[in-house]
Amino acid sequence: MTHATGYNFAYLDEQTKRMIRRAILKAVAIPGYQVPFGSREMPLPYGWGTGGIQVTAAVIGADDTLKVIDQGADDTTNAVSIRRFFARTAGIATTERTEAATIIQTRHRIPETPLAEGQILVYQVPIPEPLRWLEPRETETRKMHALADYGVMHVKLYEDIARFGRIATTYDYPVLVNGRYLMRPSPIPKFDNPKMHMSPALQLFGAGREKRIYAVPPYTAVKSLDFDDHPFEVQAWDQACALCGATDSFLDEVVTDDKGGRMYVCSDTDYCGRRREAQEAAQ
Amino acid sequence: MYVAVKGGETAIDNAHRLMAEERRGAPATPELSLDQIAGQLGLAVDRVMTEGSVYDRELAALALKQAQGDVVEAVFLLRAYRTTLPRFGASEPLDTAAMAIRRRISSAFKDLPGGQVLGPTYDYTHRLLDFALAEGGDPAPAALAPEPLDAAMPRVADVLGQQGLIEDNPAGDESPGDLTRQPLNFPAGRDLRLQNLARGDEGFLLALAYSSQRGYGNTHPFAGEIRMGNVAVELVPEELGFAIEIGEIAVTECQMINQFKGSKTRPPQFTRGYGLAFGRSERKAMAMALVDRSLRAGELGEDATSPVQDEEFVLAHSDSVEASGFVQHLKLPHYVDFQSELELIRRLRAGKEAAE
Amino acid sequence: MTAVHATDGLLPGFADPVLDSQRVFRAVLEATARPGTLVELPLHLEPPAPLDAATAAVMLALADYETPLWLDGTAATDAVAEYLRFHCGCPLVSDPAAAAFALIADASIMPPLAAFHAGSDEYPDRSTTLVIQVATLTAGEPVELSGPGIRDSARLAAGAFPPDFPRWVAANHELFPRGVDLVLASGRSLAALPRSTRLEW
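Residues numbered from 1 in each chain as written. Chains lettered and ligands numbered in written order. Predicted model: local features only at pLDDT ≥ 70, side-chain atom pairs only at ≥ 80, totals over all residues. Heavy atoms only, no water.

1. Overview of the overall build of chain B
Now for step 1: Helix and strand counts for chain B stand at 13 helices and four strands.
Now for step 2: On the principal axes, the C-alpha backbone points of chain B span a range of 80 × 65 × 55 Å.
Now for step 3: Across the 356 residues of chain B, 39% fall into the buried class.
Now for step 4: Counting contacts in chain B only where the partners sit at least 6 residues apart, residues at least 24 apart contribute 65% of the total.
Now for step 5: A total accessible area of about 20,700 Å² is found for chain B, and carbon and sulfur atoms account for 57% of it.
Now for step 6: Distance from the positive charge centre (36 side chains) to the negative charge centre (52 side chains) of chain B: 5 Å. (Helix = DSSP H or I, 4+ residues; strand = E, 2+ residues; numbered from the N terminus. Buried < 20%, exposed > 50% of the residue type's maximum accessible area, 1.4 Å probe, protein only. Contact = heavy atoms within 4.5 Å. Areas by Shrake-Rupley, 256 points an atom, 1.4 Å probe, with all protein chains shown as cover. Lys, Arg positive; Asp, Glu negative; His and termini not counted. Charge placed at Lys NZ, Arg CZ, Asp CG, Glu CD.)

Okay, structure coming up:
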């Protein structure tokens, strides 16, 4: 036992970590393919990040510095809970600064600060299968992946265009990895999709309840599906962040009163805070 | 000024302290002991052990106490504890024919060797709230039978099997899989299917079993036998090479007997559905047996048209820990995705107005 | 968790099984995520001959009773078999296609990659990982690498392999998403060639 908690370093037993590590290595070797793994019951509920936690627990070492975000923010309740879990069971250093972290576990966002070589981004994934809403059966979707038969997804997106004049998927927007596997990027806004393409960082995806791990190695092509006459585009705001003035970040809309009052602020709290610090220092 | 809908560590700590206070209830009321829970809420303990996959009355009682009696939460607590336990091996198959019977009934035969043994049951009680129970006090002692139970209590399915009227239940020489170590693949073998159903949520299995009785998957079942009592657990340690008894557990076993008209390869005969649960969990064992038989539709060449016959549907959704976690994860913040949807709806509306 | 103390004649494994396993895994992960990159073994290890430290460390970190292991003729000494059985508990298999890991101590006479399990179209992950000990990871004939994990191109100079090795690797890459993955080890250095990597000789 490494720590006073009575549990092994980073909670998981060594046999479980080895099994997860082997799955991660296969996932990296087959970019975008969902590797089944013997997901364990964690002391946090399924659906609350158990896949990401298991991946992080298998990867993290004593020298790592961990950042955990939910909705882009370090101080949301679930991010706080997961960060505490690792600080307690692994005794590792934690940070809120994107560039200071060696491992970043995330739910629903990719940080605005560009990631660097050597960093690992661990995504919490609720539903790993990109074809799940189109075909609920695992046996069928597995065949479709084997044959790279993704016609149903193109049809679905095209039906959106016929009906709404645009693709009506705004988050968890499907991507093709390395020209082969259709992949769900987890429910990040499509605003973040371009950050996955040729990222210098290693991206690992853990789905605990669904028992799948997948990966995008650094410098790997990640293409958001689109059509020649309807190219992929990301969200844009007419407003700037009310706190730091950023016009290039994903903005959360905050309701300020019951008379239609709204303000927009960066969803990435580290990015916003650092910008404000820099502005104050410059004054 | 903008106040983020975010909670720091203090808020989480305070919420947990408040929960602990509520769990304790009025301080003037004596606190529940684990003995009281294990002894007086025994059926809840049995259910938590069954779905939690750990046979330990004390731990199950603790889980129930910690969860304020919420069975699904208690199952989750026990499961999370179970994950970290070392594994020493798999036991030999339980010999339920050698069970020390406390209850044994068959609805297929009026009488049979060993007889019908009612044992402790709510069956035939009138469900009238017992206000005397609210007052407390010791119950009248149960009468002892004039003579002990027969030593031989053959299983009904074995009796039918001697005449070839029911399908064989071959022993199988492969060691069973374990879906808590390896992810489930489809089609699943019967070993993993039964493991999944044994761990499955009782309410979910009950509803599925019920649907099979109402025409969504026709099974024509008879409760061939339900037996409850203690069985020995045996293990073969590598270094010994022979089985030693490591303890006794109480289980409820249900063998459903189902009509089968025969197929090209099989003669008409009765088929089996199997249910087994820890402790006294009769409803669970019966529901499990019905669902098990329904899931054998493909194997027996029957049309699989109903939810209860759909292996992927049943096995992927039976687990209360998975289901509870994912349903309740909707409490987590989703405002980034919601923001994305808001923006889309506004754009679509603007586009529509412009067109009109 | 404490270190396992070796019995008579058996060489010790990791000094700290928990943290050392993690360090070696991260080294293999880095090598696999960035094919062609040379990664130094982050710890000291003295395995039985003919294994190099890096070769043995990969096995200790990743193999266990769930991963059948195949040994080539050079690796299949009593000392190596006993060492791996004791520290990893992995079953040894004689059929290379049944192995989750294959340990090749002499790359120059290794069997073709097609002898190992390439996984299936539905489950390409169920394939053999080959840990190949090579004489050098710096002085062989340089190869141009491209594919996931590589920004533009990378070079690797490993050797020596059988003459047909380039053809085997090309055929393995053609199988994608099926295929085997290679971890190359020499002395205290590691590199990886996952199936996704294209090689030009």
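Let's pick the thread back up.
2. Topic: the nonpolar core
Now for step 1: Among the nonpolar cores identified, the biggest contains 95 residues, and A:I24, A:L204, C:L45 and C:L84 are the most heavily contacted of them.
Now for step 2: Ignoring any residue separated from it by four or fewer positions in sequence, one finds C:L84 in contact with C:M59, C:L69, C:L71, C:G89, C:C90 and C:L103.
Now for step 3: Core analysis: the next-biggest nonpolar cluster, separate from the first, contains 28 residues, C:I132, C:L137, C:A154 and C:L184 among them. (Core = buried A, V, L, I, M, F, W, Y, C linked by side-chain atoms within 4.5 Å.)

3. Some remarks on a nonpolar patch on the surface
Residue and element names in this part refer to chain B.
Now for step 1: A contiguous nonpolar surface patch, about 360 Å² in accessible area, is contributed by L240, F242, I244 and I246.
Now for step 2: Within the element layout of this structure, F242 appears in the loop between β2 (221-235) and β3 (244-258).
Now for step 3: With a relative accessible area of 47%, F242 lands in the partly exposed category. (Patch = residues over 30% accessible without salt bridge, like charges linked within 9 Å, V, L, I, M, F, W, Y side chains within 5 Å. Salt bridge = Lys/Arg side-chain N within 4 Å of Asp/Glu carboxyl O.)

4. Quick word on the interface of chain B and chain A
Now for step 1: Counting residues at the interface gives 42 residues for chain B and 63 residues for chain A.
Now for step 2: Interface area, chain B with chain A, both sides summed: about 4,500 Å², of which 57% is carbon and sulfur.
Now for step 3: Here chain B and chain A share seven salt bridges between them.
Now for step 4: Between chain B and chain A we count 22 residue pairs in polar contact (both at pLDDT 80 or more) in total.
Now for step 5: Those elements that provide at least two residues to the side of chain B that touches chain A are α1 (9-24), α5 (71-83), α12 (320-328) and α13 (335-355) of chain B.
Now for step 6: Sorting elements by how many residues they give to the side of chain B that touches chain A places α13(B) first, with twelve residues. (Buried area = accessible area lost by both parts, 1.4 Å probe. Polar contact = N/O pair within 3.5 Å; in protein donor to acceptor, adjacent residues only side chain to side chain.)

5. Section: α1(B)
Helical geometry: 3.6 residues make up each α-helical turn, so side chains three or four residues apart lie on a common side.
Now for step 1: End to end, α1(B) covers 23 Å across 16 residues, agreeing with the expected 22 Å (1.5 Å per residue, within 8%).
Now for step 2: Of the residues trailing α1(B), B:G25 is marked for its positive phi of about 75°. (Expected span 1.5 Å × (residues − 1).)

6. Details of empty space enclosed by the protein
All names here are of chain A.
Now for step 1: Applying the stated rule across the entire model yields four cavities of 30 Å³ or more.
Now for step 2: For the largest cavity, the calculated volume is near 130 Å³.
Now for step 3: Lining of the largest cavity is provided by 17 residues; of these, G47, G49, Q124, V125 and P126 occupy positions nearest its centre.
Now for step 4: Taken together, the elements giving at least two residues each to the lining of the largest cavity come down to α2 (50-59) and β8 (202-207).
Now for step 5: For the lining of the largest cavity, the class distribution of residues is five nonpolar, nine polar and three charged.
Now for step 6: The volume enclosed by the second largest cavity comes to roughly 110 Å³.
Now for step 7: A class-by-class count of the residues in the lining of the second largest cavity yields three nonpolar, three polar and six charged. (1 Å grid on protein atoms, 1.4 Å probe; cavity = no way out; pocket = protein on both sides within 12 Å on 5 of 7 lines; lining within 4 Å. Points joined across faces, edges and corners; volume = space filled by probe spheres on them. Nonpolar A, V, L, I, M, F, W, Y, C, P; charged D, E, K, R; others polar.)

7. Brief notes about the pattern of salt bridges
Once their charged atoms are close, side chains differing in charge can pair, the charge on each being opposite to the other.
Now for step 1: Per the counting criterion, the structure on display carries 56 salt bridges over all chains.
Now for step 2: Note that B:D46 and B:R57 form a salt bridge whose closest N and O atoms lie 2.9 Å from each other. Of this pair, B:D46 sits in helix α3 (residues 42-52) while B:R57 is found in helix α4 (residues 57-66), placing the two residues eleven residues apart along the sequence.
Now for step 3: By relative accessible area, B:D46 is classed as buried at 4%.
Now for step 4: In this structure, the salt-bridge partner of C:E30 is C:R34, at a minimum N-O distance of 3.3 Å.
Now for step 5: The class for C:E30 is partly exposed, based on a relative accessible area of 32%.
Now for step 6: In this structure, a network of salt bridges that share partners links the residues A:R18, A:R22, C:D64 and C:E66.

8. Brief notes about the side chain of A:R184
Residues and elements named next belong to chain A.
Now for step 1: With respect to the element layout, R184 can be found in the loop between β7 (181-183) and α6 (193-196).
Now for step 2: A polar atom in the side chain of R184 sits 3.2 Å from the backbone oxygen of I127.
Now for step 3: For R184, the residues in contact, after removing those within four places along its chain, are I127, P128, E129, P130, R132, W133, D172, F205 and Y214.

9. Some words on the packing of aromatic side chains
Now for step 1: Considering all chains together, one arrives at 15 aromatic pairs over all chains under this definition.
Now for step 2: An angle of 70° between the planes, with centres 5.6 Å apart, marks the rings of A:F191 and A:F250 as edge-to-face. Note that A:F191 is positioned in the loop between β7 and α6 and A:F250 in the loop between β10 (222-224) and β11 (251-255), a separation of 59 residues in sequence. Considered together, A:F191 and A:F250 belong to a single accessibility category, that of buried residues.
Now for step 3: Here the aromatic cluster, defined as three or more aromatic residues joined through ring pairs, consists of C:F161, C:F165, C:W168 and C:W201.
Now for step 4: Over the face of the ring belonging to A:Y181 we find A:R180, whose NZ or CZ atom lies 4.3 Å from the ring centre. (Phe/Tyr/Trp six-rings, centres within 6.5 Å; stacked < 30°, edge-to-face > 60°. Lys NZ or Arg CZ within 6 Å of the ring centre and 35° of its normal.)

10. Remarks on the pairing of strand β3 (residues 101-104) of chain C
Side chains on a regular strand alternate between the two faces of the sheet.
Residue and element names in this part refer to chain C.
Now for step 1: Of the two faces of β3, both are covered, the one formed by F101 and L103 as well as the one formed by A102 and I104.
Now for step 2: Here three bridges tie strand β2 (residues 69-71) to β3, and the two strands are oriented parallel to one another. Directly across from W70, in β3, lies its bridge partner A102.
Now for step 3: Where the polypeptide runs from β2 across helix α3 (residues 78-88) and back to β3, its parallel neighbour, the crossover connection is left-handed.
Now for step 4: Alignment of β3 against strand β4 (residues 129-133), held across four bridges, turns out to be parallel. (Pairing = 2+ DSSP bridges. Right-handed = clockwise from strand over helix to strand, strands pointing away.)

11. Considering the packing of helix α2 (residues 53-62) of chain C against α3(C)
Helices that pack against each other are described as a pair by the angle of their axes relative to one another and the distance between those axes.
All names here are of chain C.
Now for step 1: Two elements in contact, α2 and α3, have axes separated by 9 Å at closest approach and are oriented at 35°. Of the two elements, α2 crosses α3, and the hand of that crossing is right-handed. Between α2 and α3, the contacting residues are A56, M59 and L60 on the first element and Y83, L84, H87 and C88 on the second.
Now for step 2: When grouped by side-chain class, the residues that make up the contact of α2 with α3 number six nonpolar, one polar and no charged. (Axes fitted to C-alpha atoms, helices over the stretch in contact; angles between N-to-C directions. Left-handed = near helix turned anticlockwise from the far one by under 90°.)

12. Topic: the domain arrangement of chain B
Put simply, an interface is often sized by how much accessible area is lost when its parts join up.
Residue and element names in this part refer to chain B.
Now for step 1: Under the domain assignment, chain B is made up of domain 1 (10-82) and domain 2 (96-120 + 148-168 + 185-317).
Now for step 2: Each of domain 1 and domain 2 has a C-alpha centre, and the two are 30 Å apart.
Now for step 3: The interface of domain 1 with domain 2 comprises twelve residues on the first partner and 14 residues on the second.
Now for step 4: For the pair domain 1 and domain 2, the two sides together bury roughly 1,100 Å², of which 49% comes from carbon and sulfur.
Now for step 5: Linking domain 1 to domain 2 there are one salt bridge.
Now for step 6: One salt bridge in this structure joins R47 and D201, with 3.1 Å as the shortest N-O distance.
Now for step 7: Linking domain 1 with domain 2 are seven residue pairs in polar contact (both at pLDDT 80 or more).
Now for step 8: Going through the elements one at a time, α3 and α5 are the ones with two or more residues in the side of domain 1 that touches domain 2.
Now for step 9: The dominant element in the side of domain 1 that touches domain 2, judged by the number of residues it contributes, is α3, at six residues.
Now for step 10: For the side of domain 1 that touches domain 2, the per-class residue count stands at five nonpolar, two polar and five charged. (Domains from an automatic or database assignment.)

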